[in-house]
Amino acid sequence: MRKPVAAPEPEPVAPVSVYVSNPNVHEQTVTRVTHHTDSLFSFRITRPQSFRFRSGEFAMIGLPNAERPVFRAYSVASPAWDDELEFYSIKVPDGPLTEHLQKIAEGDTVLLRPKATGTLTLDSLLPGKRLFLFSTGTGFAPFASIIRDPETYEKFEQVIVTHTCRTAAELAYGHEVVAGTREDPIVGELADESRLVHFTSLTREPHAVTGRITDLMEAGTFPKAVGVEAIDPEHDRAMICGSSRMLADTKDLCIRFGLEEGSNARPNTFVVERAFVDAK
Ligand code: A2P
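Let us look at the structure shown here. Source: prediction; values computed, not measured.

1. Re the pattern of salt bridges
- Applying the stated criterion across every chain, the model contains twelve salt bridges.
- Between E86 and R148 there is a salt bridge, and its shortest N-O distance comes to 3.1 Å. With E86 in strand β5 (residues 84–90) and R148 in the loop between α2 (141–146) and α3 (150–155), this residue pair connects regions lying 62 residues apart in the sequence.
- With a relative accessible area of 5%, E86 lands in the buried category.
- Overall, R148 belongs to the buried group, its relative accessible area being 14%.

Here is the structure:
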């Protein structure tokens, strides 16, 4: 008689960690992904009806790829009236979220926490006439929201958005948003060239204007290029969004020009927020 052969031991199975739907997190569908450069992309997702935010605020975004997904703060780049939500991101090679997020495609699911928050809101500023929006890199994202909001033009006579990047390719998203804003049926008439000024400069390639925004402010190149004599704390208001060092330096300049930092609770003449999407 043949000896019965023992069935092989099953291979130990690694515990599978899958995302289980959570009633406190919205599961939204990706409607569009645009890759602007090797390291920059924007994407749009459906918006839950209950998701409220003020233009300039950020949301918490994640992917359903783990039991406990990693969430990161992303400025909403679309205006508060839009049916969808748009985000603009850098692709961080080892970033726990952007490493995966940069591979999303139309139809995929993105997780969204229900609350938006942030200081780059019109409510954080005292009434004024001219609004400066200073950005570098992906720091343009919250301003893509603010310049597309009609309320901005109700509150300010002129909006000057500045975008400084290393290379021309990195300015593409900003150019697209500004061109789209001018043609938009809701806000286009308000955002003509006299009321919405788009100033760009580059630091690592030739361009009409080269140099960091801080250096251009100090040298007077920036005010001259946009037809402004000087920053006047009585009527001028500012928002700043970029890397931490850019924030610190631009903030120092604003203070030197006589502006004072505000918040939602205590509106004043300028506000600051980090470009969260560059965080790993
Ligand atoms: P630079 O090329 O001289 O560093 P980054 O991708 O590093 O966030 O930079 C985006 C843009 O912001 C670049 O043009 C960069 O200029 C500029 N930048 C970096 N640090 C500062 C700063 N402290 N103040 C103003 N602009 C800055």
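2. Thoughts on the site of the ligand
- As a matter of local geometry, the ligand sits amid T136, T164, C165, R166, T203, R204, R212, T214, R245, M246 and D249.
- One of the backbone nitrogen or oxygen atoms of C165 is found 3.2 Å away from an oxygen atom of the ligand.
- Within the side chain of R212, an N or O atom sits 2.9 Å from an oxygen atom of the ligand.
- Burial of the ligand by the protein chains amounts to 80% of its free accessible area of 550 Å².
- Breaking the shell around the ligand down by element, the ones donating at least two residues are β8 (158–165) and α7 (244–256).
- Tallying contributions element by element places α7 first for the shell around the ligand, with three residues.
- When its residues are assigned to classes, the shell around the ligand shows two nonpolar, four polar and five charged.

Here is what the cut-offs are and how they apply
- Residues numbered from 1 in each chain as written.
- Predicted model: local features only at pLDDT ≥ 70, side-chain atom pairs only at ≥ 80, totals over all residues.
- Heavy atoms only, no water.
- Salt bridge = Lys/Arg side-chain N within 4 Å of Asp/Glu carboxyl O.
- Helix = DSSP H or I, 4+ residues; strand = E, 2+ residues; numbered from the N terminus.
- Buried < 20%, exposed > 50% of the residue type's maximum accessible area, 1.4 Å probe, protein only.
- Near = heavy atom within 4 Å.
- Polar contact = N/O pair within 3.5 Å; in protein donor to acceptor, adjacent residues only side chain to side chain.
- Areas by Shrake-Rupley, 256 points an atom, 1.4 Å probe, with all protein chains shown as cover.
- Nonpolar A, V, L, I, M, F, W, Y, C, P; charged D, E, K, R; others polar.

Remember, this is a structural readout, not a statement about activity or role.
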